[in-house]
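Here is how the chains run, residue by residue.
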Amino acid sequence: MTQTQFSPSITSRPTYSQLQSHGGSPAILVADGSGGQALLDLIARDASVLDRGQIFFVTAGTEFGAQLREAGAKAYHQGLFFNEILTQYQAALAQATMATRIYLAGSEGLIGHATAEALAAGIDAGSIQGEHRGGIARRMQCVHCKGMTDDVTTDPFTCSHCGLNLFVRDHFSRRLGAFQGVCVDAETPGEVPETQEIKL
Amino acid sequence: MTIRFNDETFRDDYTHFNSPEAIQRFPFPFDRDDYMYSVNIESHTSGPKGTPFDVAFDVDEHYVSEMRDLAITLEQDPKRCQSLPHMELAGWDLLELIMTSKVADYPDLFELHRDGNAWRWVNKPLGIDDSFTFLDASTLPYGPMEYITRQAQGDFAVLDQRDGSLWMDAGMVTCQADWSLDFNIGMNFTEWHAPVPKAHEMRIFERALKFLMNVQQGAPSRRLNWTMTVNPRLDTSPENYHLWGPEKRTVTPENVGQKQYLRVELQTFWRLPRSNALAFPIRCYLANLQDLSSVPKWGRRLHRVIRDLPDELADYKGFTLNRPMIVEYLSQFDDGAETSLGIYPAEDQS
Ligand code: HEM
């Protein structure tokens, strides 16, 4: 199994499935880490997805970059972090038309962030697909200071902006592409429960 | 009937109080001795005289002070009021609904003079006398939704109806039971209810959504919801949880009767005429255990409901910690006698 099965308990959380090609429609393909393999699998199933496609890849220590670069896309952008290629991604979204399809693959954090950017650029939710691959790191928004913390794998965690200790609430906003983090020791300042790995 | 408006606060020194009349008309949410989630929706076209169920948008002794508290909250966090661009027409619908309803229910407090789109609105309790052009936002100091909800008690969610669901695309939310408009804005009915336990499996939301999508103009509905709050605080937002959370630990067996409040939400549902949006006012009422148990029926019943409430609900509502103290305090009012059906104070009234 390459695709992750998530707990169905959180009804605000998006569900992910295997990317489906829409052939030669204009396409924006974004992936991080082992999501790169999901793009390669998609291209193997239908190479025409790259006819008018641009790839944005966040390497995250993986080796898929070389293959993706050679895959035949109209444009290829690569970065170590999503923020490094965010401006190019936003520029591509700004040029998107009604026919443009968005393919996202990799961590839930990347899919969430890239979805939020696409929605903010006016892309219809129905034109966006996500395939989850790799770890279960979450992108979290601190409900207190509104700052985003990427790649959260523990509960509780420390807000990278305001420093409050936050617990990971099982509530997800598609608009923000993030889960909600809420102060864990509000009632008893300083009494922070033991850190645990986030479960699916 | 004239209302004497309290001069009171809902933060810091918490000088909020309920007069004996306010206690008698409190919307007690339990019509029997136990509680579980249900699709508890009824028509909002009438109710016993003097109760909050008898008017469209209840105005009570807390009005002026609550509006002052709202202004403070909004000043500190402007994101409590948001409206996505396509919701402006719904804002005008809401403004019209609230103005015409307040004038009909409280002609001595509010006036609306209309000459085509040239409107003059007089709000005597708040000392407002504004002339503006209906449907022209440039003639108001705020957007239409913000303008009118700064003059109406409670929270307001304004829902766009499309693609088989309701979407939280606008709202004014300053006295919420621990949820964030800024986080929820843009979500649909299923998404924003995600954190609620049990109700999804009970298929409550499925049935409630179906009902709401069919609410017709001129036929509003209502339901009651409730939780527990320490101190008479309107702004129990997740944003400020680190500020009010510590207050939960200040409850003792000696002060629980005064400090522990039952927080009741009178929620109503209104179809709006031009936008086809749904307005969802959430009016918050606060009364402490001591005041509530001055009504014998309520003291007995509250004891039984809180004692027997499923743990998951007490957890979700955030009062697991203080529940034993609350139950212990309330037990003194429960002599084991039977209680009559219905929510109203008198034993023979249902
Ligand atoms: C369109 C109107 C409605 C809006 C905007 C709304 C909004 C909300 C929100 C924001 C919450 C808090 C969720 C959280 O924990 O983050 C909530 C809770 C809840 N809602 Fe709704 N709701 C609506 C209609 C209804 C209806 C018709 C029902 C009918 C059964 C319902 C049942 C509930 C229940 C049972 C809870 C949990 C409350 C508690 O235990 O304190 N809601 N709602």
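Small disclaimer: the values here were computed from a predicted structure and weren't measured.

**Details of the overall build of chain A**
Moving on, step 1. For chain A, the helix and strand inventory stands at 4 helices and 12 strands.
Moving on, step 2. Against the 2.2 N^0.38 benchmark of 16 Å for 200 residues, chain A shows a C-alpha radius of gyration of 17 Å, consistent with a compact globule.
Moving on, step 3. Expressed along its principal axes, the backbone C-alpha trace of chain A runs to roughly 55 × 35 × 30 Å.
Moving on, step 4. Each of the 200 residues in chain A was classed as buried or not, and the buried ones make up 52%.
Moving on, step 5. For chain A, long-range pairs separated by at least 24 residues make up 62% of all intrachain contacts whose partners lie at least 6 apart in sequence.
Moving on, step 6. Within chain A, the 20 negative side-chain charges are centred at a point lying 8 Å from the centre of the 14 positive side-chain charges.

**Thoughts on the domain arrangement of chain A**
Residues and elements named next belong to chain A.
Moving on, step 1. One can read the domain layout of chain A as domain 1 (27-132) and domain 2 (138-197).
Moving on, step 2. The C-alpha centroid of domain 2 is placed 27 Å from the C-alpha centroid of domain 1.
Moving on, step 3. For the pair domain 1 and domain 2, the summed buried area comes to about 590 Å², and 59% of that belongs to carbon and sulfur atoms.
Moving on, step 4. At the surface where domain 1 touches domain 2, the tally comes to 0 salt bridges.
Moving on, step 5. The interface formed by domain 1 and domain 2 holds 0 residue pairs in polar contact (both at pLDDT 80 or more) in total.

**Re the site of the ligand**
Moving on, step 1. In the vicinity of the ligand there are 25 residues, among which Tyr-37, Trp-192, His-193, Tyr-316 and Lys-317 of chain B approach most closely.
Moving on, step 2. Of the chains in the model, those with residues near the ligand are chains A and B.
Moving on, step 3. Take His-193 of chain B: an N or O atom from its side chain is 2.8 Å from a nitrogen atom of the ligand.
Moving on, step 4. Lys-317 of chain B places a side-chain nitrogen or oxygen 2.9 Å from an oxygen atom of the ligand.
Moving on, step 5. Within the residue set of the shell around the ligand, elements represented by two or more residues are strand E6 (155-162), helix H6 (189-192), helix H7 (204-213), strand E8 (221-230) and helix H12 (311-317) of chain B.
Moving on, step 6. With 4 residues, the top contributor of residues to the shell around the ligand is H7 of chain B.

**A look at the packing of aromatic side chains**
Residues and elements named next belong to chain B.
Moving on, step 1. Taken as a whole, this structure holds 28 aromatic pairs over all chains when the rule is applied.
Moving on, step 2. The interplanar angle of 65° and the centroid separation of 5.5 Å between the aromatic rings of Tyr-329 and Phe-333 together place this pair among those described as edge-to-face.
Moving on, step 3. When its relative accessible area of 15% is taken as the criterion, Tyr-329 is described as buried.
Moving on, step 4. Through a chain of ring-to-ring contacts, the aromatic side chains of Phe-28, Phe-30, Tyr-35, Tyr-37, Trp-226, Trp-298 and Phe-319 assemble into a single cluster.
Moving on, step 5. Arg-114 extends its terminal NZ or CZ atom over the ring of Trp-119, reaching a point 5.0 Å from the ring centre.
Moving on, step 6. For the cation-ring pair, Arg-283 lies above Tyr-285, with the distance from its terminal atom to the ring centre recorded as 4.3 Å.

**Topic: the packing of helix H3 (residues 82-94) of chain A against helix H4 (residues 108-120) of chain A**
All names here are of chain A.
Moving on, step 1. Between H3 and H4, the shortest axis-to-axis distance is 10 Å and the interhelical angle comes to 35°. Crossing geometry of H3 relative to H4 is assigned as right-handed. Across the interface between the two elements, Phe-82, Asn-83, Leu-86, Tyr-89, Gln-90 and Leu-93 of H3 pack against Leu-110, His-113, Ala-114, Glu-117 and Ala-118 of H4.

**A few points about the pattern of salt bridges**
Moving on, step 1. Tallied over the full model, the rule gives 36 salt bridges over all chains.
Moving on, step 2. Asp-169 of chain B is the partner of Arg-162 of chain B in a salt bridge, and the nearest nitrogen-oxygen pair spans 2.6 Å.
Moving on, step 3. For Asp-169 of chain B, a relative accessible area of 1% corresponds to the buried category.
Moving on, step 4. Several salt bridges converge on common partners, so that one network encompasses Lys-146 and Arg-175 of chain A together with Asp-182 and Glu-239 of chain B.

**Section: the interface of chain A and chain B**
Many analyses report the size of an interface as the accessible area lost when the parts associate.
Moving on, step 1. At the interface, 22 residues of chain A touch 25 residues of chain B.
Moving on, step 2. Measuring nitrogen to oxygen at the nearest pair gives 3.1 Å for the salt bridge that ties Glu-187 of chain A to Lys-248 of chain B.
Moving on, step 3. If you look at where chain A meets chain B, you find 12 residue pairs in polar contact (both at pLDDT 80 or more).
Moving on, step 4. Going through the elements one at a time, strand E10 (165-173) and strand E11 (178-183) of chain A are the ones with two or more residues in the side of chain A that touches chain B.
Moving on, step 5. If one sorts the elements of the side of chain A that touches chain B by residue count, E11 of chain A sits on top with 5 residues.
Moving on, step 6. Classifying every residue of the side of chain A that touches chain B gives 9 nonpolar, 8 polar and 5 charged.

**Re the side chain of Asn-184 of chain B**
Moving on, step 1. Checked against the element boundaries, Asn-184 of chain B lands in helix H5 (residues 181-184).
Moving on, step 2. You can call Asn-184 of chain B buried: its relative accessible area is 3%.
Moving on, step 3. Side-chain polar atoms of Asn-184 of chain B contact the side chain of His-171 of chain A, separated by 3.3 Å.
Moving on, step 4. Once residues lying within four places of it in the same chain are set aside, the contact partners of Asn-184 of chain B are His-171 of chain A together with Met-168, Trp-179 and Trp-192 of chain B.

**Looking at the sheet that holds E10 of chain A**
Residues and elements named next belong to chain A.
Moving on, step 1. Spatially, the 5 strands line up as an open sheet ordered E7-E6-E11-E10-E9, and their pairing is mixed. In this open sheet, the two strands that pair with only one neighbour each are strand E7 (148-152) and strand E9 (157-158).
Moving on, step 2. With 6 bridges joining them, E10 and E11 adopt antiparallel strand pairing. Counterpart to Phe-172 in the pairing with E11 is Phe-179.

**Here's the deal with the environment of Phe-53 of chain B**
Moving on, step 1. Relative to the helices and strands, Phe-53 of chain B is located in the loop between strand E1 (42-43) and helix H2 (63-76).
Moving on, step 2. Residue contacts for Phe-53 of chain B: discarding those within four places in its chain leaves Pro-27, His-44, Ser-46, Gly-47, Arg-222, Leu-224, Leu-266, Ile-343 and Tyr-344 of chain B.

**What to know about the side chain of Asp-60 of chain B**
Residue and element names in this part refer to chain B.
Moving on, step 1. Positionally, Asp-60 belongs in the loop between E1 and H2.
Moving on, step 2. Only 2.8 Å separates the side chain of Asp-60 from the side chain of Gln-153, close enough to count as a polar contact.
Moving on, step 3. At 2.8 Å, the side chain of Asp-60 and the side chain of Arg-283 are in polar contact.
Moving on, step 4. Residue contacts for Asp-60: discarding those within four places in its chain leaves Ile-3, Phe-5, Arg-25, Gln-153, Arg-283 and Tyr-285.

Procedures and definitions
- The residue count restarts for each chain, going from 1 along the sequence in the order it is written.
- As a convention, the first chain written is A and the first ligand written is 1, with the rest following in written order.
- For this predicted model, a pLDDT threshold of at least 70 governs which residues receive local features, and a threshold of 80 or more governs which side-chain atom pairs are given and counted, while totals over whole chains, interfaces and linings are taken from all residues.
- With hydrogens and water stripped out, all remaining heavy atoms of the structure feed into the side-chain values.
- Numbered from the N terminus, helices here are DSSP runs of H or I no shorter than four residues, and strands are runs of E no shorter than two.
- The globule rule used for comparison is 2.2 Å times the number of residues to the exponent 0.38, while the radius of gyration itself is calculated over C-alpha atoms.
- Three exposure classes are used, based on accessible area relative to the maximum for each residue type with a 1.4 Å probe and protein chains only: buried under 20%, partly exposed in between, and exposed over 50%.
- Residue contacts are defined here by distance: any two heavy atoms, one from each residue, within 4.5 Å place the two residues in contact.
- Charge counting follows a simple rule: Lys and Arg are positive, Asp and Glu are negative, and His as well as the terminal groups are ignored.
- Lys charges are placed at NZ, Arg charges at CZ, Asp charges at CG and Glu charges at CD.
- Segment limits for the domains were obtained from an automatic or database-derived domain assignment.
- The quantity reported as buried area is the accessible area (1.4 Å probe) lost by two parts once they are put together, taken as the sum for both.
- The salt bridge criterion pairs a side-chain nitrogen of Lys or Arg with a carboxyl oxygen of Asp or Glu, the two atoms within 4 Å.
- Within 3.5 Å is the distance limit for a polar contact, defined as a pair of N or O atoms, with the added protein rule that one can donate a hydrogen and the other accept it, and that residues adjacent in sequence qualify only through two side-chain atoms.
- Only a single heavy atom is needed: when it lies within 4 Å of a molecule or strand, its residue is near that molecule or strand.
- Stacked, tilted and edge-to-face pairs are distinguished by plane angle, under 30 degrees for stacked and over 60 for edge-to-face with tilted covering the rest, among Phe, Tyr and Trp rings (Trp via its six-membered ring) whose centres lie within 6.5 Å.
- We count a charge as sitting over a ring when the NZ of a lysine or the CZ of an arginine lies within 6 Å of the ring centre and within 35 degrees of the ring normal.
- Each axis is a line fitted through C-alpha atoms, and for a helix only the stretch in contact is used; angles between axes span 0 to 180 degrees, taken between their N-to-C directions.
- By convention the crossing between two helices is left-handed if the near helix lies anticlockwise of the far one by an angle smaller than a right angle, and right-handed if it lies clockwise.
- Side-chain classes are defined by residue name, with Ala, Val, Leu, Ile, Met, Phe, Trp, Tyr, Cys and Pro counting as nonpolar, Asp, Glu, Lys and Arg as charged, and the others, Gly among them, as polar.
- Note on pairing: DSSP must find at least two bridges between two strands before they are called paired.

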